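So you can see what is in the structure, the chains are spelled out below.
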Amino acid sequence: FDPQLVRLVGLPPLALSLFAAALAKRLGGPTVLARLGLVLAAAGLLLAGLSGPVTLVAAALVSAGVGLVVPGLIATIAGAASNANRGLALALYTFSLFVGASLAPPVSTVLAPLGLWPLYGLPAILLLAAALGLSLGQRRSVRAPQSIQN
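Residues numbered from 1 in each chain as written. Predicted model: local features only at pLDDT ≥ 70, side-chain atom pairs only at ≥ 80, totals over all residues. Heavy atoms only, no water.

**Focus: the overall build of the protein chain**
Within the protein chain, the secondary structure is distributed over 6 helices and 0 strands. The order of α-helices and β-strands along the protein chain, N terminus first, is α-α-α-α-α-α. Seen through its principal axes, the protein chain has C-alpha atoms that stretch 65 × 30 × 25 Å. In the protein chain, buried positions account for 25% of the 150 residues. Looking at the protein chain alone, contacts between residues at least 24 apart form 68% of all its contacts between residues at least 6 apart. When the accessible surface of the protein chain is split by element, carbon and sulfur atoms take 72% of a total near 9,500 Å². (Helix = DSSP H or I, 4+ residues; strand = E, 2+ residues; numbered from the N terminus. Buried < 20%, exposed > 50% of the residue type's maximum accessible area, 1.4 Å probe, protein only. Contact = heavy atoms within 4.5 Å. Areas by Shrake-Rupley, 256 points an atom, 1.4 Å probe, with all protein chains shown as cover.)

See below:
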């Protein structure tokens, strides 16, 4: 497929971010939305490893995942941080996002000669690990004892 066509197919699903708040309410909160986005993006990457006719579907899935995970994570982080630390927490999230975006091209250059599965599989595994981390983190915060205020 022409790379421009793949990018073009990936563009409309990014509009899901415009509906993220409503979707989060319907699905159970921003953490659920972020987890869904991570899983969709991972599924798209794994599908991209097959190449061929599924490439356009893979591009749409990855973009839809990104369109959901970014607002979901922002809302999750903002909701978990105290008022005093919210700006710092979001700044650290943004910094880590930029570091990842900066490291991706050289890492993909190293992985590309190894084939499609390492190139797409490693990021998919990392996305699934992040989804699992969100699940475990959410369970931990639910189970954390609440202080009693008089």
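**A closer look at helix H3 (residues 30-48)**
Taking 1.5 Å as the rise per residue, H3 with 19 residues should run 27 Å; its terminal C-alpha atoms sit 27 Å apart, in good agreement. Every buried residue of H3 is accounted for by Thr31, Leu33, Ala34, Gly37, Leu38, Ala41, Ala42, Gly44, Leu45 and Ala48. (Expected span 1.5 Å × (residues − 1).)

**Brief notes about helix H4 (residues 55-80)**
Between its first and last C-alpha, H4 extends 36 Å over 26 residues, near the 38 Å set by a 1.5 Å rise per residue. Considered for burial, the residues of H4 that qualify are Ala58, Ala59, Ser63, Ala64, Gly65, Gly67, Leu68, Val69, Gly72, Leu73, Thr76 and Ala78.

**Some thoughts on the layout of surface pockets**
The calculated volume of the largest pocket comes to roughly 1,400 Å³. Residue contributions to the lining of the largest pocket peak at 11 residues, all from helix H5 (residues 86-111). Across the lining of the largest pocket, the residue classes tally to 29 nonpolar, 7 polar and no charged. (1 Å grid on protein atoms, 1.4 Å probe; cavity = no way out; pocket = protein on both sides within 12 Å on 5 of 7 lines; lining within 4 Å. Points joined across faces, edges and corners; volume = space filled by probe spheres on them. Nonpolar A, V, L, I, M, F, W, Y, C, P; charged D, E, K, R; others polar.)

**Focus on a nonpolar patch on the surface**
Residues Phe1, Leu5, Leu8, Leu11, Leu14 and Val66 make up a contiguous nonpolar surface patch of about 550 Å² in total accessible area. Secondary-structure assignment places Leu8 in helix H1 (residues 3-10). (Patch = residues over 30% accessible without salt bridge, like charges linked within 9 Å, V, L, I, M, F, W, Y side chains within 5 Å. Salt bridge = Lys/Arg side-chain N within 4 Å of Asp/Glu carboxyl O.)

**Structural notes on the environment of Val107**
Within the secondary structure layout, Val107 lies in helix H5. With relative accessibility at 42%, the residue Val107 sits in the partly exposed group.

**Quick notes on the nonpolar core**
Ala34, Leu38, Val69, Leu73, Tyr93, Ala131 and Leu134 together form the largest nonpolar core, which totals 7 residues. Contributing elements (two or more residues each) for this core: H3, H4 and helix H6 (116-143). Excluding anything up to four places from it in sequence, Tyr93 contacts Val70, Leu73, Ile74 and Ile77. (Core = buried A, V, L, I, M, F, W, Y, C linked by side-chain atoms within 4.5 Å.)

**Quick word on the side chain of Thr31**
In this fold, Thr31 is placed in helix H3. Contact partners of Thr31, with chain neighbours within four places excluded, come to Thr76, Leu134 and Gln138.

**Considering the side chain of Ser135**
Checked against the element boundaries, Ser135 lands in helix H6. Taking relative accessible area as the criterion, Ser135 reaches 16% and is therefore assigned buried. Polar side-chain contacts of Ser135 include one of 3.3 Å to the side chain of Arg35. (Polar contact = N/O pair within 3.5 Å; in protein donor to acceptor, adjacent residues only side chain to side chain.)

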